[in-house]
Structure formats: C-alpha cells, structure tokens
Amino acid sequence: MYKPLEIAKDVFYVGVNDRSKHLFENMWPLPYGVSYNSYLVTDEKTALIDTVDICYSEIFFHKIQSVLGDKPIDYLVVNHMEPDHSGSIAWIVSKYPGIQIIGNKRTADMLKGYYGITRNIVLIQDLEELSLGSTTLQFHMTPMVHWPETMMTYVPERKTLFSADAFGAFGALDGGVLDTQLTPGRYRDEMIRYYSNIVGKFGSPVQTALKKLSGLEIGVLCSTHGPVWTQKENIADVIALYDQLSRYEAGNGLVIIYGSMYGNTEQLAEIIASEAAENGLKEIMMHNVSKSHESDIIRDVFKYKGLIIGSPTYNNKLYPGVENLLSALQSRYLKNRFFGSFGSFTWADATAKQLAAFAEESEFEILAEPVIMKQAMLRETEEKARGLGQCMARKILSGAEVVPNHTANCH
Ligand code: FEO
C-alpha cells in the first residue's frame, strides 16, 4: 500500500500523521494535526531512527516494510524517549527481536522504566560513531532539547541530521514531506508555537546544542515533527529561527494580554492598543485569557518584543487566567521584553504590585508605571493608558534593544 519515500540517497521517511488527537501532551491544541517522523537509513546494515506514537505502530510497520520487505532492521537509534517517539519501541522489538537499540545511559534508564527493555542495548557516548557500511551514524548529545537523554544523529556522507524535537513544528504533513513539496511558510507559526510551548523552557540548552552543531554541514534536516528541510535557504531560516527564539529575541510587535470580568479592564486594553496603532505599530495581537488558548498566547509572547499584561483584582490576587499565564511564562524563563501593565480593582488593588514583581523577576525593561483603574474609567486613567500605548509603539518602532532591569517612565 505504501511506496518507499526516499528523502536522500538510502534515507527513507517512514513517519506518520496524526489528525485525530486534539491535544498534544494532552494540553496543546492540534488544529492542523501533528506528524511523528521516523527515518530508515539503509546500507549493509540498516538503522531506524526513532519510532512513532503507539496509536500508529501498525501503519508505521507497514511503511517500514514498504522499504525493507521482510529484511530485518539491525539498529534502532533512540534520539528521544518522549512517548510520541518511543511509543512503538516495544512493538518494533517484538517484530525485530534481534534489533540492537542505540542510546545513551539516560536512554537505557528510560527504556527500562517505560517499557521494561534491558536487552540488546548498545550504549554510546558523545561523538561516537557507528558504521553501517558506506555510511556512518555520528551521535551528538544534546541534553534538554527536549529531555535529558535527547541526542541527535548525523550521517556525514549524506549531510543529514536527525535532530529529534529540534526544528520541529506542529501540523501534519498534508501530502508532501519535503519542504520542496509543500508551502514552508504555512508551518512557521506552528513551529514557533511548538518551540515556545514545548521547548521554550530550554533556551540555554538549545543555545548550547546550536553552538555544538554549528560545525556540521547540513543538507537535509530531519526533525521528529513537521517538514523535512532540504533547501539551503529553508535550513538556514529554520536554524536562525531556533537561534532567535532560544535567545528570547523577538520581532517588532506587541502582544496585549488581559483578563476582564465585566469589560472595564478590557477597555484599558482597547485604549492601549488603539493608541499603539495610531503611533504606527501594525503588529499588535490581543488576547483575552478567558477565550484565547494559552498555547497561542505563549506563541505570540515569543514572537513579539512588546508585552503588556492587564488584570482585574480577584480574591486579592491577579485574575486566575492571568496568574496561570504568568506562571507559564516564568517557567519558560521569558526575558528580553519591553513591558507595560494595567489593572483594575473595586476596593483594594492587588495587580500593580504582582505584575511589577513578575516584570522585575523577568528582568524586563518596564516602560511605565502600571495603569490602574478604580471601578470604571476616569479621564486621568485613560490618558495614562494612551501614554503607555504610545510609548510602547515608539519604543518598538525605534528599533531599540531592550535594556534589562531598566525602568523608564513614559507618563
Ligand atoms: Fe516530540 Fe519531546 O517529543
């Protein structure tokens, strides 16, 4: 039923698409699905690189058979043990009992813990190589991109890097698998959402990995999710995007995030946004935490260097949706943003202090004092909100770098 899909000489794509699951990791929406990518390298010896989610074991096996027929697989390289990739390992071992599993010490620990597998494991070290005949597998340890056991596998003779989660994107592969067969731009936002939601906490390990891999000549970039990148400009673009995101650098735009019970706090958000627009800023995204999914908000926070957050006081704390979001951003060590805040209260404000504490901990450049509204809009509050919108737009459009831990008073 399946035709072998050769993506480089003797390198075959055997991954699958998942358009059934609603939530990745049971948390992150998958409006366009997701792919679990796996690859076969064939030579005198044959190596399978990673597996797929357990729901797709059977289709996966048929895809492998379309390349190998009834021939055995010699090695299974486990670059990453998260179950979206390791879920079919036990199935593969049952189909190919002689297969040798290649991984590091942490991989072995997880193989035992998750699947009870303790036999036929070959432990490898950083930069160790394994010959398949005329091709070589070279192993590069890249811990915390995304789990501690994560590694990447490079085939120098094919200039092909199997990069585990790195450079991955949400979005099933609709028809084509290679970047030449599809519209790469379609996956850009889903790549940012994937990075910021799943890998965003690990900016520093990603930077370490990028530096470590910078000497490799990459002609084919094979992630475990999303398109296979083969075009020079696309590979450069994808690597540059990962570099930018993992340094917490962002584009010229503004995201305004707010909670609002009865619309008063929302009015402040509208005023700030319209003033920013009047001052020439076109890239403005607004999110009501009670409606937008946290996944999309996190994506936009990673996309834009301007961040303004607003909240009503609720039970003497921040609005719960806003509080959850701050926690999500803090756990991703978000930094390097121009920041403003606004809030509202009826009898005692709890927002200004908590939003300021968040900004200080994140080492943001704070553009203005929080704009705080008591009960409903006053002219003076409205003017402060306009001042914040204007100041943010000017700052972003000036092309200035964020000065960490700095407070500028725009009012
Ligand atoms: Fe795609 Fe970290 O698993």
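Residues numbered from 1 in each chain as written. Predicted model: local features only at pLDDT ≥ 70, side-chain atom pairs only at ≥ 80, totals over all residues. Heavy atoms only, no water.

**Side note on the side chain of Ser 57**
Basically, it comes down to this: Secondary structure follows DSSP: runs of H or I at least 4 residues long count as helices, runs of E at least 2 residues long count as strands, and numbering of each begins at the N terminus. Burial here depends on accessible area, computed with a 1.4 Å probe over protein chains only, as a share of the maximum for the residue type. Under 20% is buried, over 50% is exposed, and the range in between is partly exposed. A 3.5 Å cut-off defines polar contacts: any pair of N or O atoms within that distance qualifies, except that in protein one atom must be a possible hydrogen donor and the other a possible acceptor, and neighbouring residues in sequence count only when both atoms are side-chain atoms. It only takes one pair of heavy atoms within 4.5 Å for two residues to be counted as in contact.
For Ser 57, the position within the fold is in helix 1 (residues 57-68). By relative accessible area, Ser 57 is classed as buried at 5%. Looking at Ser 57, its side chain comes within polar contact range of the main-chain oxygen of Ile 54, at 3.0 Å. Setting aside anything within four residues of it in sequence, one finds Ser 57 in contact with Val 52, Ser 88 and Trp 91.

**Thoughts on the sheet that holds strand 13 (residues 136-141)**
Convention followed: At least two bridges found by DSSP between two strands are what make those strands a pair. Here the axes come from fitting lines to C-alpha atoms, over the contacting stretch only for helices, and the angles between their N-to-C directions go from 0 to 180 degrees.
Read across the sheet, 5 strands follow the order 12-13-14-15-16 without closing on themselves; strand pairing throughout is mixed. The sheet is open, and its two edges are formed by strand 12 (129-131) and strand 16 (220-222), each paired on a single side. Between one strand axis and the next, the sheet turns by 20° as a mean value, whatever way the strands run. In this structure, strand 12 lies alongside strand 13, joined through 3 bridges in antiparallel fashion. Bridged to Leu 130 within strand 13 is Leu 137.

**Digging into helix 8 (residues 264-278)**
So the rule is basically this: One less than the residue count of a helix, multiplied by 1.5 Å, gives the span that helix is expected to have.
The end-to-end C-alpha distance of helix 8 is 22 Å, a good match for the 21 Å that 15 residues give at a rise of 1.5 Å each. For helix 8, the complete set of buried residues consists of Thr 265, Leu 268, Ala 269, Ile 271, Ile 272, Ala 273, Glu 275 and Ala 276. Against strand 17 (251-258), strand 18 (284-288), strand 19 (304-314), strand 21 (338-345), strand 23 (371-374) and helix 12 (379-397) lie the buried residues of helix 8. Just downstream of helix 8 lies Gly 280, where phi reads positive at about 100°.

**A closer look at a nonpolar patch on the surface**
Stated formally: A residue counts toward a patch only above 30% relative accessible area and without a salt bridge, and it is joined to like-charged neighbours within 9 Å or, for Val, Leu, Ile, Met, Phe, Trp and Tyr, to nonpolar neighbours within 5 Å. Here the Shrake-Rupley method, with its probe set to 1.4 Å, supplies the accessible areas, and only the displayed protein chains count as covering residues. Should a side-chain nitrogen of Lys or Arg be within 4 Å of a carboxyl oxygen of Asp or Glu, the pair is scored as a salt bridge.
A cluster of nonpolar side chains, contributed by Met 261, Tyr 262 and Tyr 314, occupies part of the molecular surface with about 370 Å² of accessible area. Mapped onto the elements, Tyr 262 comes out in the loop between strand 17 and helix 8. The class of Tyr 262 is exposed, set by a relative accessible area of 76%.

**Comments concerning the environment of Ser 86**
Residue placement: Ser 86 occurs in helix 2 (residues 83-86). Classification of Ser 86 by relative accessible area gives buried; the value is 0%. Taking the C-alpha atoms as reference points, Ser 86 and Leu 111, 25 residues apart in sequence, are found 8.7 Å from one another. The residues touching Ser 86, leaving out its near neighbours within four places in the chain, are Thr 51, His 80, Met 81 and Tyr 115. A polar contact of 2.6 Å, which involves the side chain of Ser 86, links it to the side chain of Tyr 115.

**Side note on the environment of Ala 240**
Tracing the chain through its elements places Ala 240 in helix 7 (residues 232-246). Residues Ala 240 and Phe 358, spaced 118 residues apart in sequence, show a C-alpha to C-alpha distance of 29 Å.

**Side note on the domain arrangement of the protein**
Put simply, an interface is often sized by how much accessible area is lost when its parts join up. Filter applied, for reference: Domain start and stop points were drawn from an automatic or database domain assignment. Once two parts are brought into contact, the accessible area they lose, counted with a 1.4 Å probe and summed over both, makes up the buried area.
Along its sequence, the protein is carved into domain 1 (5-246) and domain 2 (251-407). Computed over C-alpha atoms, the centres of domain 1 and domain 2 are 38 Å apart. When the two sides are added together, the surface that domain 1 and domain 2 hide from each other amounts to roughly 1,100 Å², 54% of it contributed by carbon and sulfur. For the pair domain 1 and domain 2, the number of links is 1 salt bridge.

**Let's talk about helix 7**
As a reminder, the rule being used: Starting at the helix axis, one direction is taken to each C-beta atom, and the arc is that of these directions.
Over its 15 residues, helix 7 runs 21 Å from end to end, which matches the ideal 21 Å to within 8%, given 1.5 Å per residue. If you check which residues of helix 7 are buried, you get Asn 234, Ile 235, Val 238, Leu 241, Tyr 242, Leu 245 and Ser 246. Down the axis of helix 7, the smallest arc covering the buried residues is 130°, so these residues share one side. Facing away from the buried side of helix 7 by over 90 degrees, the exposed positions are Lys 232 and Glu 233. Here the buried face of helix 7 lies against helix 5 (188-199), helix 6 (203-213), strand 16 and helix 9 (294-303).

**Some words on the sheet that holds strand 11 (residues 121-123)**
Taken together, 7 strands build an open sheet; the order of strands is 1-2-7-8-9-10-11 and the sheet is mixed. Bordering the open sheet on either side are strand 1 (6-8) and strand 11, each of which pairs with just one other strand. The average angle at which neighbouring strand axes cross in this sheet is 30°, direction not considered. Along the sheet, helix 4 (residues 105-115) makes contact with strand 10 (100-103) and strand 11, crossing strand 11 at roughly 155°.

**A few points about the pairing of strand 21**
Heads up, the rule is: Note on handedness: a crossover is taken as right-handed if, strands pointing away from the viewer, the path from the first strand over the helix to the second is clockwise.
Within strand 21, 8 of the 8 residues are buried, which leaves the element mostly enclosed by the surrounding structure. The alternating pattern of strand 21 places Phe 338, Gly 340, Phe 342 and Ser 344 and Phe 339, Ser 341, Gly 343 and Phe 345 on opposite faces, both of which are buried. Relative to strand 21, strand 19 is paired through 7 bridges, and the arrangement is parallel. By the bridge assignment for strand 21, Ile 309 is matched with Ser 341. Taking the sense of rotation as the criterion, the β-α-β connection linking strand 21, helix 11 (residues 351-361) and strand 22 (residues 365-366) turns out right-handed. As defined by bridge partners, strand 21 adjoins strand 23 across 4 bridges and the pair is classed as parallel. When the bridges of strand 23 are listed, Ser 344 appears paired with Met 373.

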